[in-house]
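Residue-level structure breakdown
Spelled out, the chains give:
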Amino acid sequence: MAWERELEVARRLARRAAEQALRMRGDGVAAEAKPDRTLVTAADREGERLIAAGLSEEFPDDGLLGEEGAVRESRSGRKWIVDPVDGTVDYLRGIPAWSVLIALEDASGVVMGVCYLAELGEMYWAARGQGAYRDGNLLRASGVVQPGEAVLCVNALQKLSGSEWGIKVLGLMSRFRAVRCFGGCHDAMLVASGRAEAWIEPAAWPWDLAALKIIAEEAGAVFLNFDGGANIYGGNCVIVTPALAPVVREALAIP
């Protein structure tokens, strides 16, 4: 199976990074604000160092891009994209919606990814053309076709007021059966596993989206940027089931 070794290494490193983060939180870990006002802890930095070292040892010719500054030029045409603690607020507060994200990108785009929701004990992974899985079980996006029977997830609800995208999302919300906001990676995996139908993320970096994109797509969901693109560098995204993609596109004026 293609990328079998890469997936095995990524899953192993994600588990190790999560175990380290949980130990550090148990010992007491402080947070500081980065220039963009997001939070960072020693667990974020140490987790990235652990993952970067493991990837460098296993795949020395591959590049690296990490949220906490890890960068390595690629000699192979491949690049690992890492978020050691996606959802630092959740991690700090003991809310089990944070994860470790590791993805691999080549010239064709993201080809494999891992999302480990450590405190829920859920390991998600996917590789291009090989399906998406949670703990070995094949994932399929929901078959719900009516918004009135569907669940919508929205990140950054606190930023809805006064923003153009927020006004559009507020109008969309009323059409759904329920709206949930557990956290970015968690909500994306709800869509991938068929427990929700759409997730809207208004502001994100490549390391936030790379693993989630390949897992969602391999589960049969659609990945979109607000401008109609479909890449992890677009700064935002929608992950939605094919049946409800037209509804979300129209509501958010996505080309």
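Below is a short write-up of the structure.

About the thresholds
Residues numbered from 1 in each chain as written. Predicted model: local features only at pLDDT ≥ 70, side-chain atom pairs only at ≥ 80, totals over all residues. Heavy atoms only, no water. Helix = DSSP H or I, 4+ residues; strand = E, 2+ residues; numbered from the N terminus. Expected span 1.5 Å × (residues − 1). Buried < 20%, exposed > 50% of the residue type's maximum accessible area, 1.4 Å probe, protein only. Contact = heavy atoms within 4.5 Å. Core = buried A, V, L, I, M, F, W, Y, C linked by side-chain atoms within 4.5 Å. Pairing = 2+ DSSP bridges. Axes fitted to C-alpha atoms, helices over the stretch in contact; angles between N-to-C directions. Phe/Tyr/Trp six-rings, centres within 6.5 Å; stacked < 30°, edge-to-face > 60°. Lys NZ or Arg CZ within 6 Å of the ring centre and 35° of its normal. Salt bridge = Lys/Arg side-chain N within 4 Å of Asp/Glu carboxyl O.

**Topic: helix α1 (residues 4-27)**
- Compared with an ideal rise of 1.5 Å per residue, which puts 24 residues at 34 Å, α1 spans 35 Å between its outermost C-alpha atoms and is within 8% of the ideal.
- Those residues of α1 that fall on the buried side of the exposure criterion are Glu6, Leu7, Val9, Ala10, Leu13, Ala14, Ala17, Ala18, Gln20 and Ala21.
- Residues of α1 that are buried sit in contact with α2 (42-58), β5 (79-86), α3 (88-93), β6 (99-106), β7 (109-117) and β8 (122-127).
- Where α1 terminates, the next one or two residues include Gly28, which has phi positive at roughly 100°.

**A closer look at the nonpolar core**
- Judged by nonpolar contacts, the single largest core of 38 residues is most densely connected at Cys115, Met189, Trp199, Leu212, Ile215 and Ile239.
- Mapped by element, the contributors of at least two residues to this core are β6, β7, β8, β11 (151-154), α5 (184-192), α6 (206-218) and β15 (237-240).
- Here this core gets 8 residues from one element, more than from any other, and that element is α6.
- For Cys115, the contacting residues outside a window of four places in its chain are Ser99, Val100, Leu101, Glu122, Met123, Tyr124, Cys185, Met189, Leu212 and Ile215.
- Membership of the second largest hydrophobic core comes to 33 residues, among which are Phe59, Ala70, Trp80 and Tyr116.

**Thoughts on the sheet that holds strand β13 (residues 198-201)**
- Across the sheet, 5 strands lie side by side as β12-β11-β13-β15-β14; this open sheet has mixed pairing. Of all strands in the sheet, those bounded by a partner on one side alone are β12 (178-180) and β14 (222-224). Averaged over all pairs of adjacent strands, the angle between their axes in this sheet comes to 15°, without regard to strand direction.
- Bridging between β14 and β15 involves 3 bridges; their strand directions are antiparallel. Counterpart to Val222 in the pairing with β15 is Val240.

**Description of the packing of aromatic side chains**
- A complete count under the given rule lists 4 aromatic pairs for this structure.
- A ring pair is formed by Tyr91 and Trp98, whose centres lie 5.2 Å apart and whose planes are at 75°; its orientation type is edge-to-face.
- The class of Tyr91 is buried, set by a relative accessible area of 0%.
- The lysine or arginine in question, Arg11, covers the ring of Trp125, its NZ or CZ lying 4.4 Å from the ring centre.
- Over the face of the ring belonging to Tyr116 we find Arg15, whose NZ or CZ atom lies 5.0 Å from the ring centre.

**A word on the pattern of salt bridges**
- Under the defined criterion, the tally for this structure stands at 16 salt bridges.
- The residue Glu8 makes a salt bridge to Arg12 at a minimum N-O spacing of 3.5 Å. Of the two residues, Glu8 and Arg12 are both situated in helix α1; the distance of 4 residues between them amounts to about one turn of the helix.
- The exposure class assigned to Arg12 is partly exposed, which follows from its relative accessible area of 31%.
- With a shortest N-O distance of 3.5 Å, Glu105 and Lys79 are connected by a salt bridge. With Glu105 in strand β6 and Lys79 in strand β5, this pair connects stretches of sequence that are 26 residues apart.
- Overall, Glu105 belongs to the buried group, its relative accessible area being 13%.
- In the salt-bridge network here, residues are joined through shared partners; they are Arg5, Glu8, Arg12 and Glu58.

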